[in-house]
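Observations on the model geometry
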Amino acid sequence: MAEGSQRINKKQKASKDALSIKKSDILITGSIDIPFLGITVALLTIGLIMLFSASYPYAYYYENHNSYYFFERQLIFTVVGLAAMFIMSKINYKLLKAFTTPLLIFTLGCLVLVLFYHTNVGNFKRWIPLFGGITFQPSDLAKFTIILTLASYISDYYRHMGTFKYGICYPLGIIAIFCGLIVMEHHMSCTILMFLIGASLMFAGGSNWKLFAFGLGVIVLVVFLVITFPELLENYAGERIRAWLDKDYDPSDARWQTNNSLYAIGSGGLFGVGLGNSKQKYLYVSEPQNDFIFSIVCEELGFVGAALIIILFGALVVRGFMIAARCKDRFGSLLVVGVVAQIGIQVIFNIMVVTDTFPNTGIALPFFSYGGTAMLMLLFEIGVVLSVSRKSNQQKV
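Summing up its helical and strand segments, the protein has 13 helices and 2 strands in all. Looking at the protein as a whole, 46% of its 397 residues qualify as buried. Restricting to contacts in the protein with at least 6 residues of sequence separation, those with at least 24 account for 73%. For the protein, the accessible surface area stands at approximately 19500 Å², while carbon and sulfur atoms represent 67% of it.

Structure (structure tokens):
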């Protein structure tokens, strides 16, 4: 009887130990990075205010006189995204590695599905219709999936990343699969973004810099050829390049949005016309709640307001890289690098498009542009960074 009792006690103790280990593996303690969270909240707050200001005329005209249409929907996804962010910030980011393969399979499946089952928006195959007018954009999920996949791969093979096989071929193969599927959606901007996210992770992961430089040289050559011969691309992409090069090209169609964006930026001056006082949002800048929302920001808040927002984005990226640098775990560090690289690249591209420095590729501005899936995934990714920041050996602020 005594031996039986001892066995039962040992089993109960082992079960308790296993349970406590499991709990400690799932939940993570420690202080989150307050500056990173503060900058995120500031950008999110300004973004929501500017979304409402930019969208209410367009919503009133096109959405049954409901001026709050875009703001209300964005607010719902923001609340859900904030919940996901805080939950993820408490979960051990290392658990994500176990979900790499299932998430990869699911994401690739969605990227294939959208090619056959999608909303009818021109020739674009980007959104899967769900219910109640809600759509799901697989490319938004793909941004995080490629970050997770490459971070997991590089952390496993980092000792071999200097070789051509493991440091160039395999990562490029992963990137090529994502980019190939997304380009079939007629989503050139996201294709470029996905490639640059992958390239950033390869560089941070230790790919041979000489081979990396050679690859960048090839890319520059391809870009030069595409700009010189726009007909090499599909009709819609080639037309946008021609419209970018020739400022008089079809101003009533191909350059309408870009031209009115420039008018908005120019009329903003140094301090802007005042919050809510934009004129270009009244059906001149088409769909101002989306990719060209920054032009309305410039018009209403002026150069000073726009510059402050850019500084906030820069501070977010810099703080993110600080978190990555202080993280002792390679997987966690690469996750943060991927997330902040995605945000930084999107911001740069969006502003370049709005200011006509880059062809109109239709890339969203994080925290500002309308898009439920994008907002939800972005806040989840912020939660991943905050989770890593708990593990990083940082001074408390």
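Read on for the rest.
A few words on the packing of helix α4 (residues 100-116) against helix α6 (residues 164-183). In the contact formed by α4 and α6, the axes pass within 9 Å of each other and the chain directions differ by 25 degrees. The angle between the axes of α4 and α6 places the two elements in the roughly parallel class. Crossing hand, α4 versus α6: left-handed. Side by side, α4 and α6 meet where L104, T107, L108, L111, V112 and L115 of the first sit next to I177, F178, L181 and I182 of the second.

What follows deals with unusual backbone geometry. The residue H186 is not glycine, and still its phi comes out positive at about 65 degrees. Checked against the element boundaries, H186 lands in the loop between α6 and α7 (188-205). Of note in this structure, E287 is not a glycine but carries a positive phi near 45 degrees.

Quick look at the nonpolar core now. Core analysis: the biggest nonpolar cluster contains 88 residues, and F313, L335, F367 and F368 have the highest contact counts within it. When residues in this core are grouped by element, the largest group, 15 residues, is from helix α12 (residues 330-354).

Let us now look at the packing of α12 against helix α13 (residues 372-391). Remark: α12 packs on α13, axes separated minimally by 9 Å, with the N-to-C direction vectors making an angle of 145 degrees. For the element pair α12 and α13, the recorded crossing hand is left-handed. Across the interface between the two elements, G332, L335, V336, V339, Q342 and I343 from α12 touch L378, E381, I382, V384, V385 and V388 from α13. Of the residues in the contact of α12 with α13, the class split is 9 nonpolar, 2 polar and 1 charged.

Right, let's talk about the confidence of the model for the protein for a bit. This prediction gives the protein a mean pLDDT of 85; 87% of its residues lie at or above 70. Confidence drops under pLDDT 50 across residues 1-8; counting only partners more than four residues distant or on other chains, this segment forms 0 contacts. Segment residues 10-21 is flagged for pLDDT under 50; beyond a separation of four residues in sequence, or across chains, it makes 0 contacts in the model.

Let's shift gears to empty space enclosed by the protein. All chains considered together, the criterion is met by 2 cavities of 30 Å³ or more. In this model, the largest cavity occupies a volume close to 160 Å³. Around the largest cavity, the lining comprises 18 residues; the ones closest to its centre are Q346, P366, A374, M375 and L378. Only α5 (138-157), α12 and α13 provide two or more residues apiece to the lining of the largest cavity. Counting residues per element, the lining of the largest cavity draws most heavily on α13, at 5 residues. Along the lines of polarity and charge, the residues of the lining of the largest cavity split into 10 nonpolar, 5 polar and 3 charged.

Here the focus is the pattern of salt bridges. Inspection of the entire model under this criterion finds 4 salt bridges. With a closest N to O distance of 2.8 Å, K97 and D156 form a salt bridge. Linking K97 in the loop between α3 (69-90) and α4 with D156 in helix α5, this pair joins segments that are 59 residues apart in sequence. Residue classification places D156 among the partly exposed positions, given a relative accessible area of 48%.

So, about the environment of M161. Here M161 shows up in the loop between α5 and α6. What makes M161 buried here is its relative accessible area of 0%. The spatial distance from the C-alpha of M161 to the C-alpha of N208 is 7.1 Å, given a sequence separation of 47 residues. Those residues in contact with M161, other than ones at most four positions away along the chain, are Y153, I154, Y166, G167, P171, G205, G206, S207 and N208.

Another aspect to go through is the environment of K143. Tracing the chain through its elements places K143 in helix α5. Relative accessible area serves as the criterion here: at 9%, K143 is assigned to the buried category. For K143 and G198, which are 55 residues apart along the polypeptide, the C-alpha to C-alpha distance reads 9.5 Å. When near neighbours in sequence (up to four residues on either side) are disregarded, K143 contacts C190, L193, M194, Q342, Q346 and E381.

What counts as what
- Residues numbered from 1 in each chain as written.
- Predicted model: local features only at pLDDT ≥ 70, side-chain atom pairs only at ≥ 80, totals over all residues.
- Heavy atoms only, no water.
- Helix = DSSP H or I, 4+ residues; strand = E, 2+ residues; numbered from the N terminus.
- Buried < 20%, exposed > 50% of the residue type's maximum accessible area, 1.4 Å probe, protein only.
- Contact = heavy atoms within 4.5 Å.
- Areas by Shrake-Rupley, 256 points an atom, 1.4 Å probe, with all protein chains shown as cover.
- Axes fitted to C-alpha atoms, helices over the stretch in contact; angles between N-to-C directions.
- Parallel < 35°, antiparallel > 145°, perpendicular 65-115°, else oblique.
- Left-handed = near helix turned anticlockwise from the far one by under 90°.
- Core = buried A, V, L, I, M, F, W, Y, C linked by side-chain atoms within 4.5 Å.
- Nonpolar A, V, L, I, M, F, W, Y, C, P; charged D, E, K, R; others polar.
- pLDDT = per-residue confidence, 0-100.
- 1 Å grid on protein atoms, 1.4 Å probe; cavity = no way out; pocket = protein on both sides within 12 Å on 5 of 7 lines; lining within 4 Å.
- Points joined across faces, edges and corners; volume = space filled by probe spheres on them.
- Salt bridge = Lys/Arg side-chain N within 4 Å of Asp/Glu carboxyl O.

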